[in-house]
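One-letter residues, chain by chain:
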Amino acid sequence: MKIYTTPMCQEVVRLAGVSKYTVKQDHDFTGADLAIVLSETETNYPNIKIKLNTFKQIYESIDLISNTLKTEKLDMGEWGDDHVSRERVVMDERKKIKVKVYSNFIREIVDDMGFSVVKEKPDFIVFPDYMKDGQNDDLMDEIKFMGSRVVEIPSHKKAPLNPLERAQMRYKILESELCTKP
């Protein structure tokens, strides 16, 4: 079976126990029996679409690939137990913090961490770094207005390719910025 995947999905495919696959940079899956791609990737080939923004999504994607292809998942070592704290007290405290987000991938992470996602009167604004380079005047005005209550999250180009390392980095940024300011 010819399995193709992308660099963003490669580590999850490996952790799912798939030993033979080809990493395609260009999304040209011609000749593939199966493409393992991010959920937003359009392809006409048989595929498994996965999400890799939150730890839960990563673990679910590994399970989906492993169960679908009947492979034995690899030992995840240190990553096997790496979950954001889910203690009720912590989650209740986080719900009090109102966060306005500017991307779907950030929304999923902020929501998973237990913060309240709002559209108006936020305590913080969180946005992906690529939006700062754009010409979004409204966002730039909000950034100036919010001052130190703005959190910039590295996007795919400025984050580790390994989805577990990428998620860990993003969670740590949000934890340090949203949970430590009065």
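Relevant structure appears above.
Since we're looking at a predicted model, the values are computed, not measured. (Residues numbered from 1 in each chain as written. Predicted model: local features only at pLDDT ≥ 70, side-chain atom pairs only at ≥ 80, totals over all residues. Heavy atoms only, no water.)

1. Side note on the packing of aromatic side chains
Keep this limit in mind: In summary, the pairing rule links any two rings of Phe, Tyr or Trp, Trp by its six-membered ring, whose centres are within 6.5 Å, and it sorts them by plane angle into stacked for under 30 degrees, edge-to-face for over 60 and tilted for everything else. Runs of H or I in DSSP of at least four residues are treated as helices and runs of E of at least two as strands, each being numbered from the N terminus. With a 1.4 Å probe rolled over the protein chains alone, any residue whose accessible area is under 20% of its type maximum counts as buried; one over 50% counts as exposed, and the rest are partly exposed. Ring-over charges, as used throughout, are those where CZ of Arg or NZ of Lys falls within 6 Å of the ring centre and within 35 degrees of the ring normal.
Under the counting rule described, the total for this entry stands at 2 aromatic pairs. Their ring planes at 25 degrees and their centres at 6.4 Å tell us that Phe55 and Tyr59 sit as a pair that is stacked. Taken together, the residues span about one helical turn, with Phe55 and Tyr59 both in helix 2 (residues 55–69) at a distance of 4 residues. The exposure classification of Phe55 matches that of Tyr59, with both residues buried. Aromatic pair Phe55 and Tyr171: ring centres 4.8 Å apart, planes at 45 degrees, arrangement tilted. Separated by 116 residues along the polypeptide, Phe55 in helix 2 and Tyr171 in helix 7 (residues 163–178) bring together distant segments of the chain. Both residues of the pair, Phe55 and Tyr171, count as buried. Linked through ring pairs, Phe55, Tyr59 and Tyr171 together constitute an aromatic cluster. One Lys or Arg, Lys24, reaches over the ring of Tyr4 and ends 5.2 Å from the middle of that ring. Of note, Arg149 hangs over the ring of Phe124, and the distance from its end group to the ring centre comes to 5.0 Å.

2. Describing unusual backbone geometry
Located in the positive-phi region is His27, a residue other than glycine, with phi close to 60 degrees. Relative to the helices and strands, His27 resides in the loop between strand 2 (22–23) and strand 3 (34–38). The phi dihedral of Lys121 is positive, around 50 degrees, even though this residue is not glycine. The residue Lys121 is located in the loop between strand 6 (116–117) and strand 7 (124–128) in this model. Overall, the relative accessible area of 70% leaves Lys121 in the exposed class.

3. Regarding the side chain of Lys100
Worth spelling out the cut-off: Contact criterion: two residues are considered in contact whenever any of their non-hydrogen atoms come within 4.5 Å of each other.
Here Lys100 is to be found in strand 5 (residues 98–101). Residues within four places of Lys100 in sequence aside, it is in contact with Val118, Lys119, Pro122, Phe124, Ile125, Val126 and Glu142.

4. Some details on the nonpolar core
We apply this condition: Think of a nonpolar core as a cluster: buried Ala, Val, Leu, Ile, Met, Phe, Trp, Tyr and Cys residues, connected wherever their side-chain atoms sit within 4.5 Å.
Formed by 39 residues in total, the largest nonpolar core has its most connected members in Ile36, Ile50, Ile65, Val99, Val126, Leu174 and Leu178. With 6 residues, helix 2 is the single largest residue contributor to this core. Sequence-distant contacts of Leu178, defined by excluding residues within four places in its chain, comprise Ile97, Val99, Phe115, Phe124, Val126 and Val151. Formed by 8 residues, the second largest nonpolar core is a distinct cluster that contains Ile125, Ile143, Met146 and Val150.

5. Looking at helix 2
The condition that has to hold: A helix is expected to span 1.5 Å for every residue after the first.
Here helix 2 is 15 residues long and its end C-alpha atoms lie 21 Å apart, about the 21 Å a rise of 1.5 Å per residue gives. Residues of helix 2 that are buried: Phe55, Gln57, Ile58, Tyr59, Ser61, Ile62, Ile65, Ser66 and Leu69. Of the surrounding elements, those touching the buried residues of helix 2 are strand 1 (3–5), helix 1 (10–15), strand 3, strand 4 (47–50), helix 4 (104–112) and helix 7. Residue Lys70 follows helix 2 closely and has a positive phi angle near 55 degrees.

Honestly, it's all geometry; don't read function into it.
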